[in-house]
Amino acid sequence: MQIGGVNSLREAARWGETPIIKKKAVEASKNAMTDDFVKKLQELARRDAQKGGGMSQEAINLCHAQMGKYVSPDRSAPIAQMTQELQKAEKAHKGEDPTLEFLDRMLAQLKGKGRPERIVKSFSGLAGGCSGDLHSTSENQVATVYSPDGEEIAHYNTSNGGWMNLTTKAENQFLGDSNDVYMQAWNAARAEIKNGAQKQPVACEGEAATFDVRA
């Protein structure tokens, strides 16, 4: 029961679902909502609303820049360390024929024997307090980097073309909060534009007059 509980906790941390990770996510997002950032985001939202469009690339870039500065973990250093380990594992497989290695491993499994060609390692003490694990064969390599709280922040798979950043709970929280700020300002600006249009008379031919009520 104890082991099952530990495994469940690790899985929850992996996907950012522990109380500690959730609490830190809210705090990180709140700290990132600086007065200057909120003001700039609101200004861009009003400008986008006046143009009649959705969130501009400038607003998106502003949010991602702020997130990178205040919320996102430092993935580059631990990824670099894990990349070195992947390269070491690849060298260990050097000279093996992938097809023959696969057939040998299948035969070994049928015989109930393990194969040394499969390299499985875990790493602690990576940069920033991160950790990682690695599974490597001559056919494919898979690696994962975890935050100090055990949340997945980056994943590597040879078949998928290399490293991919995984969005953290804190990053999702910030993106949601910043989107709320943007939409509130955008909706308010659109309402002002609509109200202004309703109040302005439009001259028509003849003596009759009407109002342009189109938003």
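Above this text you will find the structure in question.
Only a predicted model underlies this, so the values are computations on that prediction, with no experimental measurement involved.

This part covers the sheet that holds strand β3 (residues 141–146). If you walk across this open sheet you meet the 5 strands as β1-β2-β3-β4-β5, and the pairing is antiparallel. A single partner strand is all that each edge strand has here, and the edge strands are β1 (119–123) and β5 (162–165). For this sheet the average axis-to-axis angle between neighbouring strands, irrespective of direction, equals 10°. Pairing of β3 with strand β4 (residues 152–157), which is carried by 5 bridges, proceeds in the antiparallel orientation. Considered in β4, the bridge of A143 is made with Y156.

Counting residues in each nonpolar core, the largest one holds 21 residues, and the members touching the most others are M33, F37, L41, V71, F174 and Y182. When residues of this core are traced back to their parent elements, those giving at least two are α2 (19–32), α3 (35–51), α4 (57–70) and α7 (169–199). The element that contributes the greatest number of residues to this core is α7, accounting for 7 residues. Ignoring sequence-local partners within four residues, the contact set of M33 consists of V38, F174, D177, S178 and V181. Core analysis: the next-biggest nonpolar cluster, separate from the first, contains 14 residues, M82, A89, C130 and L134 among them.

Counted according to the given criterion, the structure contains 2 aromatic pairs. Between F37 and F174, the ring centres sit 5.6 Å apart and the planes meet at 35°, which makes this aromatic pair tilted. Of this pair, F37 sits in helix α3 while F174 sits in helix α7, and the two are 137 residues apart along the sequence. For F37, a relative accessible area of 2% gives the class buried.

When you line up the elements, T144 lands in strand β3. Looking at T144, the relative accessible area reads 4%, which means it is buried. Within the local environment of T144, its side chain forms a polar contact with the side chain of H155, the two groups lying 3.1 Å apart. If we ignore the near neighbours within four places in the chain, the residues touching T144 are M82, S131, G132, D133, E152, A154 and H155.

About the criteria used
- Residues numbered from 1 in each chain as written.
- Predicted model: local features only at pLDDT ≥ 70, side-chain atom pairs only at ≥ 80, totals over all residues.
- Heavy atoms only, no water.
- Pairing = 2+ DSSP bridges.
- Helix = DSSP H or I, 4+ residues; strand = E, 2+ residues; numbered from the N terminus.
- Axes fitted to C-alpha atoms, helices over the stretch in contact; angles between N-to-C directions.
- Core = buried A, V, L, I, M, F, W, Y, C linked by side-chain atoms within 4.5 Å.
- Buried < 20%, exposed > 50% of the residue type's maximum accessible area, 1.4 Å probe, protein only.
- Contact = heavy atoms within 4.5 Å.
- Phe/Tyr/Trp six-rings, centres within 6.5 Å; stacked < 30°, edge-to-face > 60°.
- Polar contact = N/O pair within 3.5 Å; in protein donor to acceptor, adjacent residues only side chain to side chain.

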